[in-house]
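# Coordinate inspection notes
Residue strings, one per chain:
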Amino acid sequence: MKTEANILHSCEWEPALVSALQRGHLPEEVSRHVASCPACTDTAIVWGYLHDVEQDAADADQLPAPGLIWWRAQLAERRKLASRSVASIQIVQNAAIALAAILAVTLLALYAQTFTQIPALLLEGIAACFLFSLPVAGLLYFWARSER
Ligand SMILES: [Zn+2]
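Residues numbered from 1 in each chain as written. Predicted model: local features only at pLDDT ≥ 70, side-chain atom pairs only at ≥ 80, totals over all residues.

### Points about the overall build of the protein chain
- Counting its secondary structure elements, the protein chain contains six helices and zero strands.
- Taken from the N to the C terminus, the helices and strands of the protein chain come in the order α-α-α-α-α-α.
- Over its C-alpha atoms the protein chain spans a radius of gyration of 39 Å, topping by over 25% the 15 Å that the globule rule assigns to 148 residues.
- Overall, the C-alpha framework of the protein chain stretches about 115 × 40 × 25 Å when taken along its three principal axes.
- When contacts within the protein chain are restricted to residue pairs at least 6 apart in sequence, long-range pairs at least 24 apart make up 52% of them. (Helix = DSSP H or I, 4+ residues; strand = E, 2+ residues; numbered from the N terminus. Rg over C-alpha atoms; globule rule 2.2 N^0.38 Å. Contact = placed C-beta atoms within 7 Å.)

### Details of helix α6 (residues 120–146)
- Compared with the 39 Å implied by 1.5 Å per residue over 27 residues, the 39 Å span of α6 between its first and last C-alpha is a close match.
- Little of α6 sits inside the fold, with zero of its 27 residues counted as buried. (Expected span 1.5 Å × (residues − 1). Buried ≥ 20, exposed ≤ 12 C-beta atoms within 10 Å, placed from the backbone.)

### Some points on the confidence of the model for the protein chain
- When pLDDT is averaged across the protein chain, the result is 84; 91% of the residues are at 70 or more.
- No element of the protein chain has a lower mean pLDDT than helix α5 (residues 112–117), at 72, and none a higher one than helix α2 (residues 28–36), at 93. (pLDDT = per-residue confidence, 0-100.)

### Examining the packing of helix α1 (residues 14–23) against helix α3 (residues 38–60)
- Axis separation between α1 and α3 bottoms out at 10 Å; the angle between their running directions is 30°. With respect to α3, the axis of α1 lies roughly parallel. As α1 runs across α3, the sense of the crossing is right-handed. In contact with E14, L17, V18 and L21 of α1, α3 contributes C40, T43, A44 and W47.
- When the residues that make up the contact of α1 with α3 are grouped by side-chain class, the tally is six nonpolar, one polar and one charged. (Axes fitted to C-alpha atoms, helices over the stretch in contact; angles between N-to-C directions. Parallel < 35°, antiparallel > 145°, perpendicular 65-115°, else oblique. Left-handed = near helix turned anticlockwise from the far one by under 90°. Nonpolar A, V, L, I, M, F, W, Y, C, P; charged D, E, K, R; others polar.)

### Remarks on the environment of E77
- Residue placement: E77 occurs in helix α4 (residues 66–110).
- By C-beta crowding, E77 is classed as exposed, having 10 other C-beta atoms within 10 Å.

This is the structure in structure tokens:
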């Protein structure tokens, strides 16, 4: 790095340049000088940076009240926790349904031979009961889910 870069130069045009920048309009002769003078170029860059910082600070003043931001963050956190707890309930519910289905299939497989000895009419009755209870169970399941 050059040592020259750390040396602060000053220029007799600087006050005119700063006041022109504050007015927001650079006269032709000032802008021609800035293009040829490193010190005034630096001054213009620094002034632009400070102006941006000032603008950002002014924009920050237009944020909502801190209390409102805090309240919204709390609400978002609570909603996140609520959805997480509902998700765990649904996982348990689905696991219970899957377990019941597995149990039913296992029992059916284990007692399949016994079923052949049961009179056909009784088997048909059991099948009919099962078939009619399925849509009802499905309806109850979806009704319970839609409550949330
Ligand atoms: Zn200059």
